[in-house]
Amino acid sequence: MVHRILRSLAQDVWDVLRAASPTHASLRDRLVKAFLLTVIVDVAASVGIYYAERHAPMTGVHDFGDALFWTTAQMSTLSSSLTNPLTGAGKAISVVIDIYAITVVTTLAGIFSAFFYHRGEEGRQRGDSSHQGP
């Protein structure tokens, strides 16, 4: 049974990568857009943190690598061992990326929810018992 579930999951991942159906294509496109936007926000916020924090006393941000590490860790909601921003601009950027991270997580939940709903509908239209609900 586990083997069948894993095989089905692997097939769905492959179907998403190759856009096997409009539903798979939609999921792939939405995931790619979310990923690219997140990379852009991460780099932009890192630049902002670097310029806001680099000269602050007792800061953990001494170069762009530190800023990128802190921002990426903050966006992944893991936090880091670097100190929190000390400047007003750094704190504002921190709040914005925290809100962005929460928004992305909830958006991803909605994207996957829509995908599974539409896959279930496709299965019901085909009469596939593995996609039918209770």
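These figures come from a predicted structure and were not determined experimentally.

Considerations on the overall build of the chain
(1) Moving on: Summing up its helical and strand segments, the chain has 4 helices and 0 strands in all.
(2) Moving on: The secondary structure elements of the chain, listed N-terminal to C-terminal, are α-α-α-α.
(3) Moving on: Relative to its length of 134 residues, the chain is extended, with a C-alpha radius of gyration of 20 Å against a globular reference of 14 Å.
(4) Moving on: Along the first, second and third principal axes, the C-alpha atoms of the chain reach 65 × 25 × 25 Å.
(5) Moving on: Each of the 134 residues in the chain was classed as buried or not, and the buried ones make up 30%.
(6) Moving on: Considering only contacts in the chain between residues 6 or more positions apart, those separated by 24 or more positions represent 51%.
(7) Moving on: Taken as a whole, the chain presents about 8800 Å² of accessible surface, with 67% of it coming from carbon and sulfur.
(8) Moving on: Across the chain, the 11 positively charged side chains and the 11 negatively charged ones have centroids separated by 8 Å.

Section: the nonpolar core
Looking at soluble globular proteins, one finds that nonpolar side chains tend to be buried together.
(1) Moving on: Counting 11 residues, the largest nonpolar core is built from Ala45, Ile49, Tyr50, Val61, Ala67, Trp70, Met75, Leu82, Ile97, Tyr100 and Val104.
(2) Moving on: Contributing elements (two or more residues each) for this core: α2 (22-53), α3 (64-75) and α4 (88-126).
(3) Moving on: Each residue touching Ala67, except ones within four places of it in the same chain, is listed here: Ser46, Ile49, Tyr50 and Val61.

Quick notes on the pattern of salt bridges
(1) Moving on: Evaluation of the coordinates by the stated rule reveals 5 salt bridges.
(2) Moving on: The salt bridge involving Arg18 is made with Asp15; its shortest N-O contact spans 3.0 Å. One end of the pair is Arg18 and the other is Asp15, both in helix α1 (residues 2-18) and 3 residues apart, which spans about a single turn.
(3) Moving on: The exposure class of Arg18 is partly exposed, given its relative accessible area of 46%.
(4) Moving on: Exposure remark for Asp15: the relative accessible area of 9% places this residue in the buried category.
(5) Moving on: Between Glu121 and Arg124 there is a salt bridge whose closest N-O contact spans 2.9 Å. Of this pair, Glu121 and Arg124 both sit in helix α4, separated by 3 residues, roughly a single helical turn.

Notes on the packing of aromatic side chains
(1) Moving on: Taken as a whole and assessed by the stated rule, the structure comprises 3 aromatic pairs.
(2) Moving on: Relative to Tyr51, the ring of Tyr50 has its centre 5.2 Å away and its plane inclined at 70 degrees; by these criteria the two rings are edge-to-face.
(3) Moving on: An aromatic cluster is present here, built from Phe112, Phe115 and Phe116 joined pairwise through their rings.

Points about the packing of α3 against α4
(1) Moving on: Between α3 and α4, the shortest axis-to-axis distance is 9 Å and the interhelical angle comes to 40 degrees. Of the possible angle classes, the one that applies to α3 and α4 is oblique. Residues Trp70, Thr71, Gln74 and Met75 of α3 touch α4, and the partners they reach there are Ser94, Ile97, Asp98, Tyr100 and Ala101.
(2) Moving on: Among the residues forming the contact of α3 with α4, the class breakdown is 5 nonpolar, 3 polar and 1 charged.

Remarks on α3
(1) Moving on: In this model, α3 (12 residues) spans 16 Å end to end at C-alpha, consistent with the 16 Å of a helix rising 1.5 Å per residue.
(2) Moving on: For α3, the complete set of buried residues consists of Ala67, Trp70, Thr71, Ala73, Gln74 and Met75.
(3) Moving on: Close packing links the buried residues of α3 with α2 and α4.
(4) Moving on: The backbone nitrogen of Gly65 lies 3.1 Å from a side-chain oxygen of the residue at the head of α3, namely Asp63.
(5) Moving on: Of the residues flanking the end of α3, it is Thr77, one or two places downstream, whose phi is positive at about 60 degrees.

Here is what the cut-offs are and how they apply
Residues numbered from 1 in each chain as written. Predicted model: local features only at pLDDT ≥ 70, side-chain atom pairs only at ≥ 80, totals over all residues. Heavy atoms only, no water. Helix = DSSP H or I, 4+ residues; strand = E, 2+ residues; numbered from the N terminus. Rg over C-alpha atoms; globule rule 2.2 N^0.38 Å. Buried < 20%, exposed > 50% of the residue type's maximum accessible area, 1.4 Å probe, protein only. Contact = heavy atoms within 4.5 Å. Areas by Shrake-Rupley, 256 points an atom, 1.4 Å probe, with all protein chains shown as cover. Lys, Arg positive; Asp, Glu negative; His and termini not counted. Charge placed at Lys NZ, Arg CZ, Asp CG, Glu CD. Core = buried A, V, L, I, M, F, W, Y, C linked by side-chain atoms within 4.5 Å. Salt bridge = Lys/Arg side-chain N within 4 Å of Asp/Glu carboxyl O. Phe/Tyr/Trp six-rings, centres within 6.5 Å; stacked < 30°, edge-to-face > 60°. Axes fitted to C-alpha atoms, helices over the stretch in contact; angles between N-to-C directions. Parallel < 35°, antiparallel > 145°, perpendicular 65-115°, else oblique. Nonpolar A, V, L, I, M, F, W, Y, C, P; charged D, E, K, R; others polar. Expected span 1.5 Å × (residues − 1). Polar contact = N/O pair within 3.5 Å; in protein donor to acceptor, adjacent residues only side chain to side chain.

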